[in-house]
Amino acid sequence: MVVLMRRHFLLLAIAALALAQVRPAQDPATQTPDRVVNIVAERFTFNPSRIVVKNGELVEFVIISDDTDHGFNLAAAGIDAAIPQQGKGELRIRFLASVNGRFGFECSRACGAGHNLMRGVVVVE
Ligand SMILES: [Cu+2]
């Protein structure tokens, strides 16, 4: 009986420890972002092309095109979405920065001769 109680207590302690390390459930889709970053895509650049965010920050990218269709591919976050051509709307993406590092992004829609040069980086620090 004593052995069973000890084992039970140990399991409770492990569960409490595990819960203490889990952050409260938050849905990035409904949460107010900590910061909004406006980005303009045009042949063949993103402006800004270097975006610095703080670890733990929920950032919303609002991306518009100044000319044709472009794409926004941030592979590290599993993001690949279309940026509509000028005047046809905007792309809104939320990015929860949880790992420090440099994460490249690039245009993912063929937009002309300099398409392969259309790149940028998100720096999480
Ligand atoms: Cu492109």
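Relevant structure appears above.
Residues numbered from 1 in each chain as written. Predicted model: local features only at pLDDT ≥ 70, side-chain atom pairs only at ≥ 80, totals over all residues. Heavy atoms only, no water.

S.K.: What am I meant to see in the nonpolar core here?
M.R.: The tendency in soluble globular proteins is for nonpolar side chains to be buried side by side. Core analysis: the largest hydrophobic core is formed by 25 residues, its most contacted members being Phe46, Phe61, Phe72, Leu74 and Phe95. Aside from chain neighbours lying at most four places away, what touches Leu74 is Phe61, Ile79, Phe95, Phe103, Gly104, Phe105 and Val122. (Core = buried A, V, L, I, M, F, W, Y, C linked by side-chain atoms within 4.5 Å. Buried < 20%, exposed > 50% of the residue type's maximum accessible area, 1.4 Å probe, protein only. Contact = heavy atoms within 4.5 Å.)

S.K.: What am I meant to see in the side chain of Asn73 here?
M.R.: If you trace the backbone, Asn73 turns up in strand β5 (residues 70-74). Classification of Asn73 by relative accessible area gives buried; the value is 17%. Here Ala75 takes part through its backbone nitrogen, which lies 3.1 Å from a polar atom of the side chain of Asn73. Setting aside its immediate chain neighbours within four residues, Asn73 contacts Ile79, Asp80, Gly104, Phe105, Glu106 and Ser108. (Helix = DSSP H or I, 4+ residues; strand = E, 2+ residues; numbered from the N terminus. Polar contact = N/O pair within 3.5 Å; in protein donor to acceptor, adjacent residues only side chain to side chain.)

S.K.: What exactly am I supposed to notice about the packing of aromatic side chains here?
M.R.: Aromatic rings considered in pairs are described by the distance between their centres and by the relative angle of their planes. In this structure the tally under the stated criterion is 5 aromatic pairs. Ring centres of Phe46 and Phe72 lie 6.1 Å apart, and the angle between their planes is 85°; this geometry places the pair in the edge-to-face category. With Phe46 in strand β2 (residues 45-47) and Phe72 in strand β5, the pair connects residues that are 26 residues apart, well separated along the chain. In terms of burial, Phe46 and Phe72 fall into one category: buried. On the basis of an interplanar angle of 35° and a centroid distance of 4.9 Å, the ring pair of Phe72 and Phe105 is categorised as tilted. Remark: Phe105 occurs in strand β8 (residues 101-106) and Phe72 occurs in strand β5; sequence separation between them is 33 residues. (Phe/Tyr/Trp six-rings, centres within 6.5 Å; stacked < 30°, edge-to-face > 60°.)

S.K.: How should I be thinking about the coordination of the copper ion in this particular structure?
M.R.: Expected angles at a metal are 109.5 degrees for tetrahedral coordination by four donors and either 90 or 180 degrees for octahedral coordination by six donors. Ligation of the copper ion by protein atoms is provided by Cys107 (SG), Arg109 (O), Cys111 (SG) and His115 (ND1), these donors lying 2.0 to 2.5 Å from the ion. Around the copper ion, the 4 donor atoms are arranged such that angles at the metal cover 85 to 125°; this shape is classified as tetrahedral. If you list the donors of the copper ion from N- to C-terminus, the spacing comes out as C-x1-R-x1-C-x3-H. Residue Cys107 is classed as buried on the basis of its relative accessible area, which comes to 4%. On the basis of relative accessible area, His115 is assigned to the buried category, the value being 16%. (Donors = N, O, S within 2.8 Å, 3.2 Å for Na, K, Ca; no water. Tetrahedral: all angles 85-135°; square planar, octahedral: opposite > 155°, others 65-115°.)

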